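Each chain, written out:
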Amino acid sequence: MTTLSDNSPTAPLTPAQDVLWTGQQLAPDAALYNMGWRFDLYQEIDPDRFAAAFRTVLEQHDGLRLVFQPAAQAVLQHAPEASFDLDVIDLSDEADPDSAADAWITDRVSRAFDLSRAAYDLALLRVRADHWIWYFNQHHLTTDGASAALVFSEMSKAYAGQPLDDAPSYLAHANALASGTEDLAASQAYWQGAPGLTTPTPLYGGRPATDPSSRRVSVPFSGVLEEGLARAVKNPDLQVFNAQLTEFAILFTAFAAFVHRVTGDTRVSIGAPAHNRLTPDARKTVGLFVETFPIDIEVDPAESFQELFDKTKTALGGYLRHARPGASTGAAAKRITAVFNYITAEIGDFAGHAARTKWVHAGAHDPRHGVRLHAMRFQDNALTLALDINDGLADKTAFEYIPNHFTALLGALLEAPERRIGDIPMCATEEATRIAVLCSGAPQASPLDILTRIASQAPHAVAVREGVETMTYAGLADRAAEYRADLANRGVAPGDFVLVHCQRALDLVPALLGVLSCCAAFVPVAANTPKARVEEIARLAGVTAIITDPTTLEAVQGIDVPTLLLGSPSAAELVSSQPIDPGATAYAIFTSGSTGTPKGVAVTHEGLARYIDWAADAFGGTGPADYALFSSLSFDLTITSIFAPLVSGGTVVVYPETGPSDLAVLDVFADDAVDVVKLTPSHLSLIVAQGTPVKTIRSLVLGGENLTTALCRQAQQTLSPDIVIANEYGPTEGVVGCMIHRFDGAVDTGISVPIGRPADGVEITIRDAGLNTVPFGAIGEICIGGRLARGYIGRAELTDEKFVADPIAPGARIYRTGDLGRLLPTGVFEYLGRADAQLKVGGVRIEPAEVEAALRSVLGVRGVHIHARTTRAPAKACTRCGLPDTYPGVAFHDDGLCAICAAYDGYKDRAQSYFQTPDILTDKINAAADKSTGEFDLIMLLSGGKDSTYAAYRLAEHGKRVLALTLDNGYISDGAMANIRRVASDLGWDHRFMHTDAMNQIFVESLKAHSNVCQGCFKAIYTLALRIARDEGVAAIVTGLSRGQFFETRLTPELFQAGTPSTGEIEHLVDTARRQYHAQDDAVSRLLCASDLQDGAVLDAVQFLDIYRYIDVPVSKIYRFLSERASWIRPEDTGRSTNCLINDVGIFVHGKREGFHNYALPYSWDVRLGHKTRHEALDELNDEIDEARVTEILSEIGFDEPVSPDGATRIVAYVAADGGTDLGQLWEAVRAKVVPEALPSDIVLVDEIPLTTNGKVDTARLPLPTRDRAGNRAPYRAPSSTAEETLAGVFAEVLGQPRIGVDDNFYDIGGDSLAAIQIAILANEAGLSVPATAVFEHPTIARLAKAAEASAAAQVVTPETPLIELDDEDLAGIARALS
Amino acid sequence: MSDQTALDPKSMIRDFIVSKLLNGRAIADDENLLLSGLIDSLGVFELVAFLEKTFSIAVPLDEVVLENFTSVATIEAYVAAKKA
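First things first, this report covers the structure right here in the doc. From a predicted model like this one, the values you see are computed outputs, not experimental measurements. Every chain begins its residue count from 1, and numbering advances along the sequence as written. Here the convention is simple: chains get letters from A, ligands get numbers from 1, in the order in which they are written. Local features in this predicted model are restricted to residues whose pLDDT is 70 or higher, and side-chain atom pairs enter the listing and the counts only when it is 80 or higher, whereas totals over whole chains, interfaces and linings include all residues.

1. Observations concerning the overall build of chain B
Then step 1. In terms of regular secondary structure, chain B is built from five helices and zero strands.
Then step 2. Strands are runs of DSSP state E lasting at least 2 residues, helices are runs of H or I lasting at least 4, and numbering of each runs from the N terminus. Sequence-ordered secondary structure for chain B, helices as α and strands as β, is α-α-α-α-α.
Then step 3. Backbone-placed C-beta atoms define the burial measure: a residue is buried with 20 or more other C-beta atoms within 10 Å of its own, exposed with 12 or fewer, and partly exposed in between. Per-residue burial over chain B gives 29% buried out of 84 residues.
Then step 4. For chain B, restricting intrachain contacts to residue pairs at least 6 apart in sequence, the fraction spanning at least 24 positions comes to 58%. In this description, any two residues whose backbone-derived C-beta atoms lie within 7 Å of each other are considered to be in contact.

2. Structural notes on the interface of chain A and chain B
Then step 1. The interface is formed by 17 residues belonging to chain A together with 15 residues belonging to chain B.
Then step 2. Breaking the side of chain A that touches chain B down by element, the ones donating at least two residues are α8 (243-263), α9 (280-283) and α10 (305-322) of chain A.
Then step 3. The element contributing the most residues to the side of chain A that touches chain B is α10(A), with five residues.
Then step 4. Looking at the side of chain A that touches chain B, its residues break down into seven nonpolar, seven polar and three charged. Note that Gly is not counted as nonpolar here; it falls among the polar residues with everything else outside the nonpolar set of Ala, Val, Leu, Ile, Met, Phe, Trp, Tyr, Cys and Pro and the charged set of Asp, Glu, Lys and Arg.

3. Here we look at helix α16 (residues 508-517) of chain A
Residue and element names in this part refer to chain A.
Then step 1. Most of α16 sits inside the fold, with 10 of its 10 residues counted as buried.
Then step 2. Looking at α16, one finds that the buried residues are L508, V509, P510, A511, L512, L513, G514, V515, L516 and S517.
Then step 3. Looking at the residues trailing α16, positive phi occurs at C519, about 65°.

4. Digging into the environment of A:V762
Residue and element names in this part refer to chain A.
Then step 1. Along the chain, V762 falls in strand β30 (residues 762-767).
Then step 2. With 26 C-beta atoms counted inside 10 Å, the residue V762 sits in the buried group.
Then step 3. The sequence separation of V762 and A442 amounts to 320 residues, and the corresponding C-alpha distance is 7.8 Å.
Then step 4. Once residues lying within four places of it in the same chain are set aside, the contact partners of V762 are G441, C738, I784, G786 and R787.

5. Re the sheet that holds strand β13 (residues 371-377) of chain A
Residue and element names in this part refer to chain A.
Then step 1. Pairing between two strands is assigned when DSSP locates at least 2 bridges connecting them. Across the sheet, six strands lie side by side as β8-β14-β13-β11-β9-β10; this open sheet has mixed pairing. Two strands close off the open sheet at either side, each with one partner strand: β8 (214-219) and β10 (291-298). Here the average twist between neighbouring strands, direction ignored, is 25°.
Then step 2. Here six bridges tie β8 to strand β14 (residues 383-390), and the two strands are oriented antiparallel to one another. Axis definition: a line fit to C-alpha positions, over the contact stretch in the case of helices; interaxial angles, taken between N-to-C directions, run 0 to 180 degrees.

6. Brief notes about the nonpolar core
Residue and element names in this part refer to chain A.
Then step 1. One finds F255, I270, L409, V498, V523 and A588 to be the most contacted residues of the largest nonpolar core, which totals 316 residues.
Then step 2. Broken down by element, the residue count for this core peaks at 13 residues, all from α8.
Then step 3. With residues up to four places along the chain from it excluded, the contact list for F255 reads I270, F340, L373 and F406. Put simply, a nonpolar core is a cluster of buried Ala, Val, Leu, Ile, Met, Phe, Trp, Tyr and Cys residues tied together by C-beta atoms within 7 Å.

7. Remarks on α8(A)
Helical geometry: 3.6 residues make up each α-helical turn, so side chains three or four residues apart lie on a common side.
Then step 1. For α8(A), built from 21 residues, the straight-helix expectation of 30 Å at 1.5 Å per residue is met to within 8% by its first-to-last C-alpha distance of 30 Å.
Then step 2. Among the 21 residues in α8(A), 18 count as buried, and that is most of the element. By this rule the span expected of a helix is its residue count minus one, scaled by 1.5 Å.

8. Some details on the packing of helix α37 (residues 1143-1154) of chain A against helix α40 (residues 1187-1197) of chain A
Residue and element names in this part refer to chain A.
Then step 1. In contact at an axis separation of 9 Å, α37 and α40 are set at 100° when each is read in the N-to-C sense. As far as their axial angle goes, α40 and α37 are roughly perpendicular. Here α37 contributes D1144, V1145 and F1148 to the contact with α40, which in turn contributes E1187, V1190, I1193 and L1194.
Then step 2. Class assignment of the residues belonging to the contact of α37 with α40 gives a composition of five nonpolar, no polar and two charged. What sets the label is the angle itself: under 35 degrees gives roughly parallel, over 145 gives roughly antiparallel, 65 to 115 gives roughly perpendicular, and the rest give oblique.

By themselves, these figures tell us nothing about what the structure is for.
Here is the structure:
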């Protein structure tokens, strides 16, 4: 037993205490773990007798007296002599003694403990002569529910004058646990969770909270629920072991359903404290025994409560089996976002008199847990339920309703376990009513049809203008009549579709009105649309006529319907207009479907009229407003700019196409001649970058993409401070726009501009998977009711899938947008992106706008787009080489051929010049041998695989003195080892194994940076072999790189795209690349201390000879040779690889993280070169990986990240910036402003963000990322001050890396929150003033040193001052980093 | 451990319960361990882990029922049935 200097016994912390200690260190001033009790004692209490009784109890139970002594390595606890002051407060004279007591307790319980002095606090409050309150508070480190009940009963006995039994010692328990021989490995592995397990979503879609403040609300539990539970516990279908576990399982099932419903996660991890008091002695010991373990469970909204209960039973079995004292792990604690605490601790009378017990909430709890549900039985066997809810949920949810959400599900489970989880409405009447009111737009009177309204405008006012050419309303009516006549004369009848495929022009407006007045529908298609697509749209819509212009005439010639040229309607004979049927289709817009087939959305006259009626008021105000018509005709955003001005009596100002990229938006702002411009955020971003103020343009309507507040602020600064910015939300299916929010810089301080409130006549609801309205704050799918498109042309099935009957309002139809949103209690709706492209990292929903805003703040940045790359299963493979379509950046041709195969056909002959004859190899070998000065002529890299073994035999033919080298990476298979030894001895060569102590770390870095192991392994081989060659005077290193590898890495399609490089040029490129490779200062280089090779001098002295550049041999021949003539035996212990056991780990991690097989490209080259068949390649890519073995190896090498850190989504930030903006600045900006888990994987600099013709970002044209975070490590800079040197030492010690540069970012080199705390502790011990959160704020050694030096308080920390001091900001920083 | 393996299953089960779960309190073979509150659900699963390891049997969750774990005698009978 360890002892302090005064010889009193001490003990280390138990694992359960350790978790709490760490949590408390992060927030030393918060009452995170205060366990306060209020015992109402209904008798006259004698304070002296009470104090004496407490002294007796204290003396008996060392667990009550514990204090804690922190040290850098461990924390010690001991139990000094009992001493305390009993506060006695008389409240009986107060006007309201009960409220006074409540207030006193609320204040007192929220005070943090000084754990070095005492971990308990008590007082007596006199309410009345015969009613006293014993207030008793303990730090959770020294207590739990059962412990508190024990102290109460001991006090009751002692106060009554009864003797106490001898009590077991907590310190002895802690020491026994520390020296325990119990094998917990299996249980700890169980709690670690399955590989690829991601962190769950925080409750109600919140961000991980940073502030531990929380409140406790009681959950109404009586009457129906209470009776229901009593019945359910006896239900034969709901039985687990005994009544108590059954009750636990029932409540847990309802809570799991609740967590699922308010997160949308189908896998939930709920923490459940296990009491861990297995023995009678443990039950008599005061102190902390409880440990919290997660119960992981899959929840499917389509299944019944009964089915979920059955899963709970199984999960509970695993939980109970592995909830062993001391088995808690950090990884398990990390995935818990909600806690279910089931406590049974009977607390009875006090010294023969009645008493009541209340567990007092201390106003805070672990901020990682959004809610904690407590099910408590303290008294009379009565169950009470309470929820602790983190205050951080308050601005998003309506707090008061949260208990109802849980009881709604519990009630359903108790009443009818066969009901489906997803079918239960969670909002009780009051919340549902409040939500319903907020979901409805203002009522809308039936508006006149568009044509009638336009016709009623002042006839001489200008309706349309293009440049100096104008058309009045009277002129417009006449012209429209001519188009109507022309179309009718060509046979266009009501209900027909007319394709309008032309450039924007003055006459376009009357042409569209002409179509409408035929009671036909127009199908607008922009002039720059590819011909094939135009033809497809015409076919899908079944158009009966086409309006075109000279620029587009050619594209429609193959379509066999009457064509009429814009600008020259031949109105031989006018026809009268048709009465408009409000239900008839007015227009159809074709959007790109996810399958690539355009889908046509048909909108009725009534839908159009209703939209325009609302939009004209909302955007232009009262009176005529001029709008710019500049956007793509194919895009429904343009509908607004055509019709809204006409119904207001204003002018449509036409801006014609400016060329194929069509940036007429620039002309609109240069011209500055309209009132309203409707555009996309991408367009606005371009305009802001132009930086020219406007005077006439007074209103901007933004649609089509998410809008950030940063962009709005920039727009107001650049264009005009008074400019009105309206954010309009709406899919084509909801008729252009159905929600609006007017940006207000003072109020809209979030990252994205909300989408505001529903438009007139529209109902917007947020629904879950079962189409239930979700509660306030919860994230769900945005559904639109009221004004809707009629459906998809010719796609009845799709129409039925998207436009569904509303289960809540029978008879009504709603459109499911596939967009995510939430309704805030303020009545404002937020847009949260597409459901199918959700950005989630570690379970946390990422707001791309946040990353975007950080990047936009960098000077010179013109445009930003955040893109999520998500992994998926391959849909097809190249018909020739088998390359799967998940391989990034390679297009597939219509015939199923991949772009590499197609390109290879065009350059394979030209590439042949790189390959040379065996004679040349002989010359080179001889020359190198002559140049070598030591014992060996050549070095051969012998991996033991088939290629290098065959190459070795061919090299041996030259009879040189060869040193064969193999990297022993720790995972060479026994079979391969034996091969290597046999081959070397067979050939009579010297052979050495190369080693590096850092091998496992190299694997880890390689996996982190490249998601494979090979890259790190290769670098180690080349680095170590080059050193040996240099040191031993060997002039050449011979490799067995295959021809496939040449094509994969050197003879790439790009190289031959522009011409045919000469052999010399290719050699030069290869040499340059090799020099860059060794000059690179990446993590692996540092682990190998490879700075000696960085200058490239060694490459002047040592050359590489790739055998297969000179000899060509098919794989079959290699195998035949190896089996017939060599001593090589195909190993059976390596899977597909012929030498290495860790290869599968790389394949597994790569597949999970990058979404494709890391051998996809190499194998495709094997096929192209005829070394493998397509079938063989596909078969090998399909290999099953032994996941258990992979997990084992990952833990062996110390890989500490989840395999799939972000649910297989990688976030890439594309930035268009002026020259001079470098990646370093951009990384710094995002790191400074964005939570670590939201950092993009890559930042890619591009010239421009490519836009589609609709003005949205064209994601298909974004280049693939080529750099990653780890590859972006700063160049090494040595410490230059004492503080930097000290910190470099500390970083190296904590992070276990020998060489950390002063500019290296803490996160990039594997730092986490615990490492940050350790760094702070060690730095403080070394005399630097470094608060724990400083590492997060100043994540490099250089910056941290500067901060420490700047701190006036820089001094050696004395034992009296705490080792770490944290303020609120520190706390926030840590909580952020921890989550 | 070696002397334990010489014991009969019933003694091994009793020894485990007495030493690990009851701090040495003696029990009779037919004494009810569950209803008396001597062992609760967590304790039962400690016992399950012990049985699985010691007797090389698998105890599925649906066999962790009161009938099988009431007393030393019923536990022994359960183990014997599993091993048969």
